Amino acid sequence: MPVLLVYGEKDTLGPVHEYIADISAALSKSGAAHTAVIIPNAQHNLTVQPEHNGPFFWWHEAPGIIDTVVNWVKRTSASR
């Protein structure tokens, strides 16, 4: 089963690139097809939030996240 790894660029829970490398290595060993995507400016929960001392705005869903996932599913499904 193909796997889509989605991470927020500004995830503070851990080193995004290391997580992707570790999970990708494990998936490669198992032969699972996988794609990793880092969503620009997004937090762990894939939202965009105001910067500390930056201008206020209501946090919101990271732009393009839904389209990214839907397009990946369509491409992956079409190739099966």
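Going by the structure above, here's the rest.
Residues numbered from 1 in each chain as written. Predicted model: local features only at pLDDT ≥ 70, side-chain atom pairs only at ≥ 80, totals over all residues. Heavy atoms only, no water.

Chemist: Lay out the pairing of strand β1 (residues 3-8) in plain terms, naming residues and giving numbers.
Modeler: Where β1 and strand β2 (residues 34-39) come together, six bridges link them in parallel fashion. Opposite Gly8, over in β2, you have Ile39 as the bridge partner. You can see the chain leave β1, run along helix α1 (residues 16-30) and come back into β2, and the turn it takes is right-handed. (Pairing = 2+ DSSP bridges. Helix = DSSP H or I, 4+ residues; strand = E, 2+ residues; numbered from the N terminus. Right-handed = clockwise from strand over helix to strand, strands pointing away.)

Chemist: Tell me about the packing of aromatic side chains, and please be specific about residues and values.
Modeler: All chains considered together, the criterion is met by two aromatic pairs. For the ring pair Tyr7 and Tyr19, a centre distance of 6.4 Å and an interplane angle of 40 degrees mean the geometry is tilted. Separated by 12 residues along the polypeptide, Tyr7 in strand β1 and Tyr19 in helix α1 bring together distant segments of the chain. (Phe/Tyr/Trp six-rings, centres within 6.5 Å; stacked < 30°, edge-to-face > 60°.)

Chemist: Could you give an account of the side chain of Thr47, naming the residues involved and the relevant values?
Modeler: By the secondary structure assignment, Thr47 is in strand β3 (residues 47-48). In terms of polar contacts, Thr47 uses its side chain to reach the side chain of Asn45, at 2.6 Å. Sequence-distant contacts of Thr47, defined by excluding residues within four places in its chain, comprise Asn41, Ala42, Trp59, His60, Glu61 and Ala62. (Polar contact = N/O pair within 3.5 Å; in protein donor to acceptor, adjacent residues only side chain to side chain. Contact = heavy atoms within 4.5 Å.)

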